[in-house]
Each structure stands twice: as structure tokens, then as C-alpha cells.
Amino acid sequence: MATKYVVILGSLMSGLGKGVLTASILRILDLYGYSALPIKFDGYLNFDCGTMNPYQHGEVFVLDDSSEVDMDFGIYERFLGRSLTGDLSITGGKLFGSIISKERQGKYLGETVQIIPHLTDQIIRNIENIAKAKKPDVFVVEVGGTVGDIENSYFIEAMRQLSLSHEVVFINLTYLPTLDVVGEQKTKPAQIGLRLLLQDGIRPNFIICRTASKLLDSTKEKLALFANLDKERIIDDQDQATLYNLPLHFIATGFDRLLLSDLGLNVKRLDRRKSSEWKENVRKTVSPKGEVNIALVGKYTHLRDSYASVKEAIVHAASINDVRANISWIESSDFEKKGCDYSALSRSDAIIVTGGFGNRGTEGMINIIRHARENHVPYLGLCLGMQLMAVEYARNVAGLQGANSTEFDKEARHRIIVLLDSQKRITQKGGTMRLGAQECVLLERSSIAYKSYGTGMISERHRHRYEFNNRYATTLKKCGLKITGVTKDRKLVEFIEWSTGFGIGTQSHPELKSRFGRPAPLFASLIAAAKENHVRKDLNR
Ligand code: GLN
């Protein structure tokens, strides 16, 4: 079967949930037994997300193959339950880069190189080549930005041209505001958005409407008229109790069957077992039996998208443990002054210190880790959170005053965390960290790490330049710090643990591989420990 395409185009504004819509369609196709893969287009001229500030753009997501991609890839993987590859991410930077390099090589000799046809042809060829290599039944293409932007206009034109020779279903995601005073769903902005798309020569097969409440029949009729569509092709995408319910919501509204028949696919293949499993996980997420309080410590907490994967990994792990996780977002720099207020931390059943770069907030993180260790609060340190766990231990248990990472103090007296050897001569910033899937060996069967994964050989994704300094291994081990995981060649430390209570740090980012229904093992164990802590606190009250 030739690969078919679903192209998702957003109108009016960003933040409507195009990523979740794309992921839900991928999930639906998968539930019907079709192989579906995403393609994401981003118009910016960066080659990839590697050098982008999480404050501006949300988290940088890392794939097994070490690509640093848009955070939407995290949503796709969490819904689809499979690992994706970097070639599925197409950026303006990659496209223009390759066109200009081809021009310099003389590949267009004599021609005037233009957006149409050269760039648009290049996009179509790119996509056809990935289809040839991966042979999915369906590609779901998410076009970043909104219709009418200069940045994505040439890509939208390429999609129009793609539809001339391939089977393509276009979906327009739009927004219907409800004005408080009149309580009416307003369609005018959506009409204007649609008109822009029609000007581009694309008539959508479906209009998906983001609304705060159920889409009214009268609203559907009005939009259907303007769009030349049947009423049932105006689809309700109202706020959900959890975003993981969206595929089920679409199945309940009948959107799944219309979409499949537009694609010429069999509508009778829904995998009942898989879909009831998904339903059960949604139920556990929406109405769990218990609850836990988790402190999420970081330095970019004002933009929560910076920690999207960590937050979702908590949601997945909570759902498996049948609890709701109430997350307190803790800005680490608030914990740098003497006499700061620890009450939010005291209410927490577990503490997570997340990854990050640069000095700001790191002393606050160290204070918080000390609080966790001394008060026996279950602790999980992710990348920077592991590095600072080692620094805290060196300073406050081993008595190594002036212990630090050389990222923050080049002249530190005790350099517990140092630049990786492989990083010392690197000057270029993009794509040069220790990145992607790396294998780790877990050393002790009785460790938190081994018990969580249930195996001694694992693989997790990485994104860092600094590492634990092995010269301090013996001293810290003597003081009770456990090294429970190392790289396959045994040269780098990957996991450390406190010898009492639940405290573990990992150089990796296990949150990047957490999936709905299949949480990252360390998060599952942390939430289980938090649950015990919560019950214990209740009993003592
Ligand atoms: N800044 C640290 C390093 O580069 C930690 C990175 C991270 O937390 N992702 O090693």
C-alpha cells in the first residue's frame, strides 16, 4: 500500500494543541492496526532545537538517535508508545541549509534557485524518501505555526502539491471562543482562518474546533456552511480531563471512522484489547484512589513546557500507582537565601531535581537536596539533579568544603563534576553534547536502580557535557554514597544512590522514554516511595 498522508494545519494562534491532535490521530491509527508515523515541520531557521533556550521554546526533546527535536516529538512518543527518529523532524534550517549547499555544489547550474519549484520539490522528495525507507501506512504531518505565517507558507504550498499526486487528508485545527456575556460560541475567527487556508488552495476535509465546552450543533451547522462540508466533519475538540482521553473522545464522536474511510482504510479493525487498556489507564489517571504531593525543582519553572517530559513521566507513574500526583513547581533560586521557607517542601512526599544548564539556582538545588536527604524525603535527581546530589554529598557528608561542578566554579577546590574528556576540545555548540541513547550497566541487584528496571543492562537517553569525577569515587563511597550504575565500558558513572532511604540520581533523562501506560521505571519507583511516605505521614498526623 502506498503511504497516505494526513496534514494538520492550525489557524489563528499557537497553543491550540496541534501536537496532541497529531498524537491522538497517530494513536487512533495504531489502535486500528495501521502503522502511522509523524512528520513535524518547524519553520524556524535553526537546524534543530539543540541551541534553543527552554524558556522560549519549551524543552528540547532528545531521541535515541541523538537528534535534538521539538517537544512535540515527546507527545508523539508518549501517545504512540514507540521511539522515533530525527529524520521525521524537518526544519526551515535543514531545508535552506541543504538547498544552499546543493547550489554551491553546482547542482542547479544555470538555474535561478527559487522557493517554488526548488524548495517545494525538495520538501516533497524528502518526504517521499522517508516514506520509501520507513514504509508507514500513514504519515501524519504536523505543520508548525499557523496558516498565514510567512515561515510555513512554502511548506503549506508543498503539501498542496503533494496532494496532487498522493492521497492526502487535510485537517484544519481552529479555535472557537465563547464570550462570557453572551455565552455563544463565536465562529467568525474560525471563518477568517479557514478563508486563509482556502486562499492557499486547500479545502480541509475536517475542521477540528478547540472549545472550552461541547461544540454546539448550531455552531457546527454554521461552520459547515462556510466550509462546504457536511456537518459531521466539524469535529468537537473540547477540553479533556486528561489529554490522553482525546483519542477516545474522537472515537466516541465517530471522527475515527470518517477519517479512516477518507484514507481508504478498513474501519473494522479496531483492536478492542488495546483500546480498553488505554481506557483503563485513562480512568486511573482521571479518578485514582489516592494522592501524592511531588515537588518539582527547576530553574525554568515559569514556563512549564520546559519540563513537559518530567511532568508527563510523573503523570504516567502516578496512574500506574493509582494515585494523583499534585505537583508543586519549585523555583530553585528561591532557596538560595538564608531563612527561606521550606514549608512547600515539607508538604512534599517526594522531590525531583531536574536537568539544566548554567549557574543560576544551583546552590538552591543543593540546599533542597540536603533537605531531602536529612529529612528522608524520597529523591530523584535527573542529570544536573544527579550531579548536584554528588556535590551535596561531598560537601555535607564527606566534609569536602568547596566541592562543586566545574560548570559553576572552574577553580573549585574539590571538582566533583568535571567536563567529559570528549568535550574538552569542542568549540561548536550545536549537536555536540553527549547525546541520545547510551547503554548503562546496573551494578547491585539490591540497588534502587536494579530493582526499578528489573534488569542489569539498560539504555537511557542523555544530554550533557559534564560527568562525575572518578577521582572522588573511593572517598565518597567510603562515606556511604553508592555508585549503582556505570557506562558499558565502566568509565563513566551513570547512577548514584544514598545508602539509606530512597535517594537516586541518574546522569540520564529517563523521563524522555516514559510512555502513557508504560512509565519510566525510576519514576514508577519514586511515586511508589512517595505513596508510602504519604501514608506514613497520614498515620503520624
Ligand atoms: N549542565 C549539566 C551538563 O552539561 C547537566 C545537563 C542536564 O541536566 N541536561 O552536564
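Please refer to the structure higher up on the page.
Sequence order sets the numbering: in each chain, residues are counted from 1 along the sequence as written. Totals for whole chains, interfaces and linings use all residues, but because this is a predicted model, local features are given only for residues with pLDDT of at least 70 and pairs of side-chain atoms are given and counted only at 80 or more. To get the side-chain values, take all heavy atoms of the structure and skip hydrogens and water.

Labels follow the DSSP assignment, with helices taken as runs of H or I lasting at least four residues and strands as runs of E lasting at least two, numbered in each case from the N terminus. A count of helical and extended segments in the protein gives 18 helices and 23 strands. The globule rule used here is 2.2 Å times the number of residues to the 0.38 power, and the radius of gyration it is set against is calculated over C-alpha atoms. Taken against the 2.2 N^0.38 rule, which gives 24 Å for 541 residues, the C-alpha radius of gyration of the protein at 25 Å falls within 12% of a compact globule. When the backbone C-alpha atoms are referred to their principal axes, the protein occupies close to 75 × 65 × 45 Å. Only protein chains enter the calculation, and the probe is 1.4 Å; a residue is then buried if its accessible area is under 20% of its type maximum, exposed if over 50%, and partly exposed in between. Expressed as a percentage of its 541 residues, the buried residues of the protein come to 57%. By definition in these notes, contact holds between two residues if any of their heavy atoms fall within 4.5 Å. Look at the contacts in the protein between residues 6 or more apart in sequence, and 73% of them connect residues 24 or more apart. Residue exposure ignores everything except the shown protein chains as possible cover, and the areas themselves are Shrake-Rupley values with a 1.4 Å probe. As presented, the protein carries roughly 23100 Å² of accessible surface, and 49% of it is formed by carbon and sulfur atoms. For the purpose of counting charges, residues Lys and Arg are taken to be positive, whereas Asp and Glu are taken to be negative. His and the chain ends are not included. Where a charge lies is defined by one atom per residue type, namely NZ (Lys), CZ (Arg), CG (Asp) and CD (Glu). Side chains of the protein give 72 positive and 62 negative charges; the mean places of these two sets differ by 4 Å.

Next up on the list: the site of the ligand. Residues are classed as near a molecule or strand on a simple rule: at least one heavy atom within 4 Å of it. Around the ligand sit Gly355, Gly356, Phe357, Cys383, Leu384, Gln387, Glu407, Arg463, His464, Arg465, Tyr466 and His509, and those are all the residues in its vicinity. Note that a nitrogen atom of the ligand is positioned 2.7 Å from one of the side-chain N or O atoms of Glu407. Across the complex, the protein chains shield 98% of the 300 Å² of accessible surface that the ligand would expose by itself. Sorting the residues of the shell around the ligand by element identifies α15 (384–396) and β19 (457–464) as the ones contributing at least two each. The residue makeup of the shell around the ligand, split by class, is four nonpolar, five polar and three charged. For the purposes of these results, a polar contact is taken to be a pair of N or O atoms within 3.5 Å, where, inside protein, one atom must be able to donate a hydrogen and its partner to accept one; residues adjacent in sequence count only when each atom of the pair is a side-chain atom. Gly falls in the polar group here, along with every residue not listed as nonpolar (Ala, Val, Leu, Ile, Met, Phe, Trp, Tyr, Cys, Pro) or charged (Asp, Glu, Lys, Arg).

Within helix α9 (residues 246–253), six of the eight residues are buried, which leaves the element mostly enclosed by the surrounding structure. Taken residue by residue, α9 has Leu246, Pro247, Leu248, His249, Phe250 and Ile251 as its buried positions. Against the buried residues of α9 lie α1 (18–31), α3 (72–80), β10 (206–211), β11 (234–238), α10 (255–262) and α11 (272–286). Phi for Gly254, located one or two positions after α9, is positive at around 90°.

With that settled, the discussion passes to a nonpolar patch on the surface. Patch membership requires over 30% relative accessible area and the absence of a salt bridge. Like charges are linked within 9 Å, and nonpolar side chains (Val, Leu, Ile, Met, Phe, Trp, Tyr) within 5 Å. A pair is scored as a salt bridge if a Lys or Arg side-chain nitrogen falls within 4 Å of a carboxyl oxygen belonging to Asp or Glu. A surface patch of nonpolar side chains, amounting to about 330 Å² of accessible area, comprises Leu179, Val181 and Val182. With respect to the element layout, Val181 can be found in the loop between β8 (178–179) and β9 (184–185).

One can find Arg233 in the loop between α8 (217–227) and β11. On the accessibility criterion, Arg233 (15% relative accessible area) is buried. Within the local environment of Arg233, its side chain forms a polar contact with the side chain of Asp262, the two groups lying 2.7 Å apart. Residues in contact with Arg233, not counting those within four places in the same chain, are Asn205, Phe206, Ile207, Leu258 and Asp262.

In this description, strands pair whenever DSSP reports at least two bridges between them. When strand β18 (residues 434–442) meets β19, the two strands line up antiparallel, connected through eight bridges. Each bridged residue has a counterpart across the sheet, and for Val441 the counterpart in β19 is Met457. Pairing of β18 with strand β21 (residues 482–487) involves three bridges; the strand directions are antiparallel. Of the residues in β21, the one forming a bridge with Cys440 is Thr487.

Each strand in a sheet pairs with another by means of backbone hydrogen bonds, the pair being arranged parallel or else antiparallel. Spatially, seven strands are ordered β5-β2-β6-β1-β7-β10-β11 in an open sheet, and the strand pairing comes out parallel. One side of each edge strand has no neighbouring strand; the edge strands of this open sheet are β5 (89–91) and β11. Averaged over neighbouring strand pairs, the angle between their axes works out to 20° when direction is ignored. Under this scheme, a helix contributes an axis fitted over its contacting stretch, all axes are lines through C-alpha atoms, and angles between N-to-C directions fall in the 0 to 180 degree range. Against the sheet, α3 touches β2 (36–42), β5 and β6 (138–146), its axis set at about 170° to β2. This element, helix α6 (residues 153–165), spans β1 (4–10), β2, β6 and β7 (168–175) of the sheet and lies at about 140° to β7.

Right, let's talk about unusual backbone geometry for a bit. Looking along the chain, the bond that leaves Ile116 and enters Pro117 is cis, with omega of 10°. Tracing the chain through its elements places Pro117 in helix α5 (residues 115–134). Even without glycine at this site, Asp322 takes up a positive phi of about 55°. With respect to the element layout, Asp322 can be found in the loop between α12 (308–320) and β13 (323–331).

Moving on to the sheet that holds strand β22 (residues 493–497). Pairing is mixed across the open sheet formed by nine strands, whose spatial order is β13-β12-β14-β15-β23-β22-β21-β18-β19. In this open sheet, the two edge strands, each paired with only one partner strand, are β13 and β19. Sheet twist, expressed as the mean angle between neighbouring strand axes with direction ignored, is 25°. Judged from the four bridges that link them, strand β15 (residues 379–382) and strand β23 (residues 503–506) form a sheet pairing that is parallel. Within β23, the residue paired with Leu380 across the bridge is Ile504.

A word on the nonpolar core. We define a nonpolar core as any set of buried Ala, Val, Leu, Ile, Met, Phe, Trp, Tyr and Cys residues linked to one another through side-chain atoms lying within 4.5 Å. With 81 residues, the main nonpolar core has Met159 and Ile171 as its most contacted residues. With eight residues, the top contributor of residues to this core is α1. Every residue in contact with Ile171, bar those within four places of it in the chain, is listed here: Val6, Val7, Ile8, Leu9, Leu21, Ile25, Phe206, Ile208, Phe255 and Leu259. Counting residues in each nonpolar core, the second largest holds 40 residues, with Leu384, Met389, Tyr472 and Val486 among its members.

It is worth spelling out the pattern of salt bridges at this point. Opposite charge on two side chains lets them pair, provided their charged atoms get close. Counted according to the given criterion, the structure contains 36 salt bridges. Across the salt bridge formed by Asp237 and Arg210, the nearest N and O atoms sit 4.0 Å from each other. In this pair, Asp237 sits in strand β11 while Arg210 sits in strand β10, placing the two residues 27 residues apart along the sequence. You can call Asp237 buried: its relative accessible area is 3%. Residues Glu374 and Arg373 are paired through a salt bridge, measuring 3.9 Å at the closest nitrogen-oxygen approach. A network of salt bridges, in which partner residues are shared, links Lys40, Asp42, Asp70, Asp72 and Glu142.

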